[in-house]
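# Understanding the architecture of this molecule
Here is how the chains run, residue by residue.
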Amino acid sequence: MILTPESVAKIKEKMGKYPHHKSAILPAITIAYWQVGHLNEEIYKEISKIINIPIVEIAEAATFYTMFPKEPVGKYLIQVCHNISCALLGADSLIEYLENKLGIKKGETTSDNLFTLISVECLGSCASAPMMQINDKYYENLTREKVDKILEDMKKQA
Amino acid sequence: MADGGNNITLTIDGREITVPKGTTVLEAAKKMGIEIPTFCWHPKLKPVGACRICYVEIEKMPKLQVSCATECMPGMVVHTDTEKVKQGRKAILEFILINHPLDCPTCDKGGECDLQDNTFAHGIDDSRFDFNKYRFIKDRKSTFDDVRLGPEIIRNQNRCILCYKCVRANKEIFGEYDLGVFQRGNLTEIDAAPGQQVDSLYSGNLPEICPVGALTNTDWRYKVRVWKAQQVKSICGYCADGCNLTLWKRRDKIFRSSSRRNDEIDEGWICDIGRYGYQIANAENRLTTPLIKKGNKQVTSTWDEAIGLIARKFKEIKDKKGGVCIGGMISPTLDLASLYAFSKYFRTVLHSNNVDFRNDYKMLAEKYGDTFGKMASLEFKIADIEKSDLILVIGSNLIKEHPIVNLRVRKTVTKFGASLYTLNPFATKSGDISTDEIIFNAGTLEALINGICVSLISQKLNASDVDVSNFGSMANPNTVSSASKITGISEERINALAMALGKAKNITLIVGEYIKASPLRELLSIALNNLTIIAGINKKGQIGFLYKSANSKGAEKLGVIPYPSPNLIGKMKEIWKYYPDSNGLAADRMIRAAKKEEMDAMFVIGANPIWAYPDGQFAKDGIEKLDFLVVADLFESETTEKADVVLPLSSWAEYAGDFINLEGRLQHFSAAIKPQNGSLPAFDIIGRITVEMDKPIFESVEQLNNEIKLLLAVLPEKAAQSLKLGEVKYSEEKISPDFSIPLFVTDDLHHYGHHTKEAKSLAAFGSEPYAEISPAMAEKLQLENTEMLRIESEVGKIILPVRISEILDNNVVVISRNFATTPVNILQMRKKRIDRVKLSKVED
Amino acid sequence: MEKKILFKYIDDPNQVDIDTYISHGGYKALEKVLKSMQPAQVIDEVKKSGLRGRGGAGFPAGMKWSFIPKDSPKPRYLVCNADESEPGTCKDRVLMERDPHGIVEGMAIAAFAIGSHQAYIYIRGEFVYPARMMEQAIASAYGKGMLGKNIFGSGYDLDMAVHTGGGAYICGEETALLNSLEGERGMSRIRPPFPAIEGLYACPTVVNNVETLASVPLIINNGAEWYASMGTEKSKGSKIFSLSGHVKRPGNYELEMGTPLSYLINDLGGGMLDGYQLKAIIPGGSSTPFLLPNQIDTPLDYESIAAAGSMLGSGAVIVIGDKTCMVWVIDRLIHFYKHESCGKCTPCREGTGWLLQLISRIEHGEGKPGDLEKIDSICDNIFGRTICPLGDAAVMPIQSALKLFRDEFQYHIDHKKCLVKSEFEFK
Ligand SMILES: Cc1cc2nc3c(=O)[nH]c(=O)nc-3n(C[C@H](O)[C@H](O)[C@H](O)COP(=O)(O)O)c2cc1C
Ligand code: SF4
Ligand code: FES
């Protein structure tokens, strides 16, 4: 089992919120994602067993949504918004800045497996542009100093 | 305008039409003969309005509307051919084509591709798209980027236009979950479920409904271009559902079979056995010449020599010992003419009533008039299942026995909301849509039925016109609680089912092989008769004791059994001016007689009793004792091996004829090709023998057909079952603790009888024997998939690789009989109501 | 002018606690409704208030509720749309983070009005913190008996749950949202049937935006007249505007409907960033057509913005300064719409892909003569021809840019470079 007993319990709790088990697909995928950091076939299979829905339906839903990486990523998944409001305030050069700082290109993971850098569509933080999401947290009104500090802190923590 | 609320009048292209409420604009236009192009629309699927090629203009609506998903409204004024419509459709085609490979010359759908046809019709010859087309498999220039999704299915995603018909049909109609839609936007892909193959029994329908060449099947790929193939109307020769087929041939070879939609029966879907089963006609190892046993060896011979020998021997035995010493078994997958000729030959030439088409049932009745026979002659219509609000399936692994009836049941449940109750000794695929899937202890069905009857009575839900006051004394068990104890089904569930039966307005009862093959067939039939009377099913709905093979119903109607109904006998006498007065023997009695050396010869056509009869040793012993055995078949078999004369038989694709399906529906099929490899159809073989014996029984097939017509006109004796309750007393089986696990021998999902293993495509789904057990049982025996399992009964032992079932969940073992190197029936005993075995792991 | 009614307590960090919320008069409206009103009266009140949907289309909320069949034997559902994915929009998030009980209460009232006993709030998956705040608010409301069985002793039962998405703009579209909630892929459904007849699990369903529902308790507490006294003739009340782009003080501002755009941009937003002149304004989220500097005094209400040639949409005002290449802007947007097309219907799926290819080749200096006409025609072939409005959303900004800034596109094709080079350095 990849999913921990806690995750399984959370999924089962979610199942109770809907009249049909199928509705628990997205919550289950989400719970699995936050536990594991990505999704894969093995996870679909486990979810399929827990909520008793054919695996194909799990995979169909999972691949529709772009928030869940389907392959392992670094410990910190840096997602920079490149949509219009952020772009108007320099999202592209923020990405470039991060690329240089981390020594990787967009889409890549650092060799120590600490950071993966990607850019994403609007995250609903347009009035605090430019911004990025790292794992489950938003970092807004970014400046170079802020970015430096954020990365420093994360490296320290790791 | 709306009339009475149920009809709607609207105008399409200047003409008025009135249609029932709920009709779509597309359907209304179709009725008027107006062509509207479609891709994602399918008559049997819920519309999704995705492809948008079916645009029409509707007055007062500024936007183009998709006709497939727009319901007709009173007073609507629709235009299907305005400039705006044409422009809209052309734009859609342009969009579809931008990333389409346009590899028509190498695409197998060429000639029957909706995209090709529509593009042609819209005169699109140039594209404004000047980028590289998106390729689903990158780094390859060619479009031959095919991916195999299943044993018979190839996918080319680049050609896919995302109409989703395959996935929709798979889930909506077939209830299968082995195919899906993944990713999104213009990266959307159709693919097999993770870790799975697309290999359901209905998988062949997916390429068939694909409007382009995205899904194709291995069978037909790159063999013939459609426009060079000829189409022949045929009927499936396997199960009794009677699906309508088209056989595609070129130069006396068949290349594929496809569905020929008949809404009364198949609604345009066929199972893979029907789709690929024709390949037995092309199989390489067909028998090619008659064989005659010389010494201990069968040597090739000629038709003349073989027919001469058969005629001489049969005449000799008949003259010396009487026709009663000759037995005849014929396969119920043969056409009416052959079945009839067989019966007529035995009865009028050999003067024997020893004819039977039931070669794999235990302990058949010995005389006419059993309850089972009456129940089996009741009317049943596949389409009428849809009228039911409750479907009760008893003793049937429905998908295996009747794939297309299964789809109709699914439809009635999933689309119209009927409830389904299944009563079986093990779990089946119908479980996912059952209101309650009742899995009773094997061998206790009559107790369960008694329980339901008692519950109906005690809940006062029994039919009002039936006197049930004595039922308690006729039944054992006669309380719900004792029935519950015996069967292992809780009282609540028995009561709930009884309640549902009592409340239902229209019931379809389907009874399957479990009852028919059982030696307690008669007792079970009486129990079921009680149930139909007490629950009033005989008055609200239909009862289907469904026959199994393509022409079983025909064989029954023509009296190809030792004791036909008096009416039938009367008619035979009238036509033939003769009818033998000896008592006929049923198939199993013939074998017993042979074993006791009371039978000298046997004529077997298309059947394989040594393999099929549910007591392998018994059948083998009997048949080996015969002095003279003639077997006609397509392939060598366990039974042909023992024969003195072996005759190459034609498959149904090689001659014209008729089948009667389980509904009693007579259906004609044409000859697709000539008899192959020097084979002959059965009626022809029989005709030649009778000529050789100087007793020709027909001059032409027409004559046969005319006589058949007369017989078919004979009504079954008082068709309805008697309104009399019968006594049903359950007696406990003694179960040896050593041999306690129920064994069920069935056909593999993709096989039917002993021929289909020779069909290449069907063999691709699996051609190795296996034994299925539940995951719990596997764990107990410490077996992993494909490890070896020893299965022992009191009379035999076999070793098979194990398959851990996703469906089975109780202590049983299910063995598919189709490809066992050792026939599975050596484990079976003809008198046992449940064959029981012990299981153990084979340590290597 | 600024009108903080939804935002009244937005700066109070304790507003997220149920006790603080109650001390500010919270759950009074729900109590009033449950104890003294009939569902029909609630619907009437909301109708009278003139409240219109804040999710984008501006459909009258009370009217939508009244479409729920009165006699359907099926359960009914209320779904709050907190997918907030239209680029430029970030208002619902603020409400969820800082005043979640206002949403819970609004949902409960709406659920009561339509006879629903199960409500869901669909929150975009990236909003982890807002979702947590909503979960907490719901849990504490259950704790106080304001959700669950027999609320306020009225005999009315209501369950409420949070459902989070997985990264898909299309799931803000109500039918795609319902599919997503059912565990299907988040693809739009054809209409009819409309959700009011066959929505969630094929049962009657109302889908409303967060802001719409959060306005409901205010209307119940203060009366429809009070609400209707604000705003313009057809656009009543107040609305939150998300101001972003080249302004000094971006942020969420609640304004009375009809307040001039210039007030938002200049007075509240502090005007353009230093060194920038106003070039264009997107008034209602990225799918709405551009307004030009000379339209800066347009009142922010549904009718006035429509008259100016655009749409109020979700109220996301994106301010674009000079030194911004409009080809680049459009390239960004079509990239987004192509990425977010669900792929169900042909024009949107194939059309957005083709448009992206054309626009990005122009952006990269590889445009060909005739490309603009091709884009015009592809847009025409998408607009109004798709299952859901995402197709329209994708082409409207393109059509608008090609109308207003065609010269920049032409220049790109002719000179293989920008007429106006975009320069936004991140510092
Ligand atoms: C592509 C698309 C995306 C949408 N996204 C959102 C969204 O993120 N939030 C929202 O409230 N409404 C969104 N909508 C509008 C919803 O479909 C729906 O009209 C709205 O939730 C109804 O609520 P309202 O009447 O309260 O505005 C979107 C519509 C479309 C076509
Ligand atoms: S318009 Fe786009 S998003 Fe909407 S249904 Fe069609 S493909 Fe999906
Ligand atoms: S056939 Fe109508 S949209 Fe595809």
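Residues numbered from 1 in each chain as written. Chains lettered and ligands numbered in written order. Predicted model: local features only at pLDDT ≥ 70, side-chain atom pairs only at ≥ 80, totals over all residues. Heavy atoms only, no water.

## With respect to the overall build of chain C
A count of helices and strands for chain C gives 17 helices and eight strands. For 427 residues, the compact-globule estimate of 2.2 N^0.38 gives 22 Å, and the C-alpha radius of gyration of chain C, at 22 Å, lies within 12% of that figure. Dimensions of chain C along its principal axes, counting C-alpha atoms only, are 75 × 45 × 40 Å. Within chain C, contacts between residues separated by at least 24 positions form 70% of all contacts whose residues are at least 6 apart in sequence. Element-wise, carbon and sulfur atoms account for 52% of the exposed surface of chain C, whose accessible area totals about 13,900 Å². If you average the places of the 45 positive and of the 51 negative side-chain charges in chain C, the two averages end up 2 Å apart. (Helix = DSSP H or I, 4+ residues; strand = E, 2+ residues; numbered from the N terminus. Rg over C-alpha atoms; globule rule 2.2 N^0.38 Å. Contact = heavy atoms within 4.5 Å. Areas by Shrake-Rupley, 256 points an atom, 1.4 Å probe, with all protein chains shown as cover. Lys, Arg positive; Asp, Glu negative; His and termini not counted. Charge placed at Lys NZ, Arg CZ, Asp CG, Glu CD.)

## Things to note about the sheet that holds strand E7 (residues 153-155) of chain B
All names here are of chain B. Strands sit in the order E6-E7-E10 across an open sheet of three strands; the sheet is antiparallel. Each edge of the open sheet carries a strand with a single partner, namely strand E6 (147-150) and strand E10 (215-217). Averaged over neighbouring strand pairs, the angle between their axes works out to 35° when direction is ignored. Taken together, the three bridges between E7 and E10 define a ladder with antiparallel strand orientation. The partner of Arg-155 across the bridge, within E10, is Leu-215. (Pairing = 2+ DSSP bridges. Axes fitted to C-alpha atoms, helices over the stretch in contact; angles between N-to-C directions.)

## Remarks on the site of ligand 2
Surrounding ligand 2, one finds 13 residues, the nearest of these being Cys-342, Cys-345, Cys-348, Thr-386 and Cys-388 of chain C. Along the lines of polarity and charge, the residues of the shell around ligand 2 split into seven nonpolar, five polar and one charged. (Near = heavy atom within 4 Å. Nonpolar A, V, L, I, M, F, W, Y, C, P; charged D, E, K, R; others polar.)

## Thoughts on the domain arrangement of chain C
All names here are of chain C. In terms of domains, chain C is made up of domain 1 (13-228), domain 2 (238-321) and domain 3 (326-415). The C-alpha-based centres of domain 1 and domain 3 are spaced at 35 Å. Carbon and sulfur atoms supply 71% of the area buried between domain 1 and domain 3, which totals about 920 Å² over both sides. The tally of links between domain 1 and domain 3 comes to zero salt bridges. Inspection of the region where domain 1 meets domain 3 yields two residue pairs in polar contact (both at pLDDT 80 or more). For the side of domain 1 that touches domain 3, the class distribution of residues is six nonpolar, three polar and four charged. (Domains from an automatic or database assignment. Buried area = accessible area lost by both parts, 1.4 Å probe. Salt bridge = Lys/Arg side-chain N within 4 Å of Asp/Glu carboxyl O. Polar contact = N/O pair within 3.5 Å; in protein donor to acceptor, adjacent residues only side chain to side chain.)

## Regarding the packing of helix H13 (residues 326-340) of chain C against helix H14 (residues 346-363) of chain C
Residue and element names in this part refer to chain C. At a minimum axis distance of 9 Å, the contact between H13 and H14 shows a crossing angle of 155°. Between H13 and H14, the angle is such that the two are roughly antiparallel. Between H13 and H14 lies a crossing whose hand is left-handed. Residues Val-327, Trp-328, Ile-330, Asp-331, Ile-334, His-335, Tyr-337 and Lys-338 of H13 form the contact with H14, whose own contacting residues are Thr-352, Gly-353, Leu-355, Leu-356, Ile-359, Ser-360, Ile-362 and Glu-363. (Parallel < 35°, antiparallel > 145°, perpendicular 65-115°, else oblique. Left-handed = near helix turned anticlockwise from the far one by under 90°.)

## What to know about the domain arrangement of chain A
Under the domain assignment used here, chain A contains domain 1 (5-64) and domain 2 (76-157). Centre-to-centre separation of domain 1 of chain A and domain 2 of chain A, based on C-alpha positions: 29 Å.

## Details of empty space enclosed by the protein
Residue and element names in this part refer to chain B. Taken as a whole and judged by the stated rule, the model has eight cavities of 30 Å³ or more. Along the walls of the largest cavity sit 34 residues, with Glu-513, Tyr-514, Ala-517, Val-745 and Thr-746 positioned nearest its centre. At the level of elements, helix H10 (398-401), helix H16 (513-516), helix H21 (609-612) and strand E30 (741-746) are the ones that each hand at least two residues to the lining of the largest cavity. Here the lining of the largest cavity takes four residues from E30, the largest share from any one element. Of the residues belonging to the lining of the largest cavity, the class tally is 15 nonpolar, nine polar and 10 charged. In terms of lining, the second largest cavity is formed by 33 residues, of which the most central are Ser-331, Pro-332, Thr-333, Ser-549 and Gly-606. Within the lining of the second largest cavity, the residues separate by chemical class into 15 nonpolar, 13 polar and five charged. (1 Å grid on protein atoms, 1.4 Å probe; cavity = no way out; pocket = protein on both sides within 12 Å on 5 of 7 lines; lining within 4 Å. Points joined across faces, edges and corners; volume = space filled by probe spheres on them.)

## Remarks on the site of ligand 1
Residue and element names in this part refer to chain C. Taken together, 17 residues are adjacent to ligand 1, and Gly-55, Asn-81, Asn-208, Asn-209 and Thr-212 come closest. Measuring from an oxygen atom of ligand 1, one finds a side-chain N or O atom of Asn-81 at 2.8 Å. Between ligand 1 and Asn-208, the relevant distance is 2.8 Å, taken from an oxygen atom to a side-chain nitrogen or oxygen of the residue. The protein chains hide 89% of the 600 Å² of surface that ligand 1 would expose on its own. Here the residues of the shell around ligand 1 sort into three nonpolar, eight polar and six charged.

## Overview of the interface of chain A and chain C
Size of an interface, as often reported, equals the accessible area lost when the parts are brought together. Across the boundary between the two partners, chain A contributes 48 residues, which contact 61 residues of chain C. At the junction of chain A and chain C, the tally comes to five salt bridges. For Arg-332 of chain C, the salt bridge identified is with Asp-92 of chain A, shortest N-O distance 2.9 Å. Viewed at the interface, chain C and chain A are joined by 24 residue pairs in polar contact (both at pLDDT 80 or more). Secondary-structure elements contributing two or more residues to the side of chain A that touches chain C are helix H2 (25-36), helix H4 (55-64), helix H5 (84-88), helix H6 (91-102) and helix H7 (144-157) of chain A. Counting residues per element, the side of chain A that touches chain C draws most heavily on H2 of chain A, which supplies five residues. Counted by class, the side of chain A that touches chain C contains 25 nonpolar, 14 polar and nine charged residues.

## Thoughts on the sheet that holds strand E8 (residues 316-321) of chain C
All names here are of chain C. If you trace the four strands from one edge of the open sheet to the other, you get E6-E5-E8-E7, paired in mixed fashion. Pairing within the sheet leaves two strands with one partner each, and these edge strands are strand E6 (251-256) and strand E7 (278-282). Across the sheet, the axes of successive neighbouring strands diverge by a mean angle of 30°, strand direction being ignored. Sheet topology note: the strand E5 (residues 238-245)/E6 ladder contains six bridges and is antiparallel. Its bridge partner being in E6, Lys-239 is matched across the sheet by Leu-255. Helix-sheet contacts for helix H5 (residues 91-98) involve E5 and E6, and the interaxial angle to E5 is about 115°.

## Quick word on the pattern of salt bridges
It is possible for side chains bearing opposite charge to pair when their charged atoms get close. All names here are of chain B. Taken as a whole, this structure holds 80 salt bridges over all chains when the rule is applied. Asp-835 is the salt-bridge partner of Lys-362, the closest N and O atoms lying 2.9 Å from each other. Here the residue Lys-362 occupies a position in the loop between strand E17 (355-356) and helix H9 (371-376), and Asp-835 occupies one in strand E35 (residues 835-841), the gap between them amounting to 473 residues. The class of Asp-835 is buried, set by a relative accessible area of 6%. (Buried < 20%, exposed > 50% of the residue type's maximum accessible area, 1.4 Å probe, protein only.)

## Brief notes about the interface of chain A and chain B
On the side of chain B, 13 residues touch chain A, which itself brings 12 residues to the contact. Across the chain A to chain B interface the summed buried area is about 1,000 Å²; carbon plus sulfur atoms make up 60%. The largest contributions to the chain A side of the interface with chain B come from Val-56, Glu-60 and Thr-63 of chain A, which together make up 45% of the buried area. Taken together, the links from chain A to chain B amount to two salt bridges. Glu-57 of chain A is the partner of Lys-171 of chain B in a salt bridge, and the nearest nitrogen-oxygen pair spans 2.7 Å. Linking chain A with chain B are six residue pairs in polar contact (both at pLDDT 80 or more). Top contributing element to the side of chain A that touches chain B by residue count: H4 of chain A, with seven residues. Per-class residue counts for the side of chain A that touches chain B are seven nonpolar, two polar and three charged.

## What about helix H7 (residues 303-321) of chain B?
All names here are of chain B. Between its first and last C-alpha, H7 extends 26 Å over 19 residues, near the 27 Å set by a 1.5 Å rise per residue. Listed in full, the buried residues belonging to H7 are Trp-303, Ala-306, Ile-307, Gly-308, Leu-309, Ile-310, Ala-311, Phe-314, Ile-317 and Lys-318. Backbone geometry just downstream of H7 places Gly-322 in the positive-phi region, at approximately 100°. (Expected span 1.5 Å × (residues − 1).)

## Re the confidence of the model for chain C
Chain-level statistics for chain C give a pLDDT mean of 97 and a share of 100% at 70 or above. The ipTM value of the predicted complex is 0.96, and its pTM value is 0.94. (pLDDT = per-residue confidence, 0-100.)

## Quick word on a nonpolar patch on the surface
All names here are of chain C. Together, Phe-59, Met-63 and Phe-67 line one region of the surface with nonpolar side chains, adding up to about 270 Å² of accessible area. As for its position among the elements, Phe-59 is in the loop between helix H3 (39-49) and helix H4 (61-66). Relative accessible area serves as the criterion here: at 37%, Phe-59 is assigned to the partly exposed category. (Patch = residues over 30% accessible without salt bridge, like charges linked within 9 Å, V, L, I, M, F, W, Y side chains within 5 Å.)

## What to know about the nonpolar core
Counting 355 residues, the largest nonpolar core has Phe-314, Tyr-345 and Phe-603 of chain B as its most contacted members. Beyond its immediate chain neighbours, meaning those up to four positions away, Tyr-345 of chain B contacts Phe-314, Leu-350, Phe-603, Ile-686, Ile-689, Thr-690, Met-693 and Ile-697 of chain B. (Core = buried A, V, L, I, M, F, W, Y, C linked by side-chain atoms within 4.5 Å.)

## Some points on the packing of aromatic side chains
Residues and elements named next belong to chain B. Considering all chains together, one arrives at 44 aromatic pairs over all chains under this definition. A centroid spacing of 6.3 Å and a plane angle of 40° characterise the contact between Tyr-514 and Phe-744, whose relative ring orientation is tilted. Separated by 230 residues along the polypeptide, Tyr-514 in helix H16 and Phe-744 in strand E30 bring together distant segments of the chain. Among the aromatic side chains, those forming a connected cluster through ring pairs are Phe-314, Phe-342, Tyr-345, Phe-346, Phe-603 and Phe-628. (Phe/Tyr/Trp six-rings, centres within 6.5 Å; stacked < 30°, edge-to-face > 60°.)

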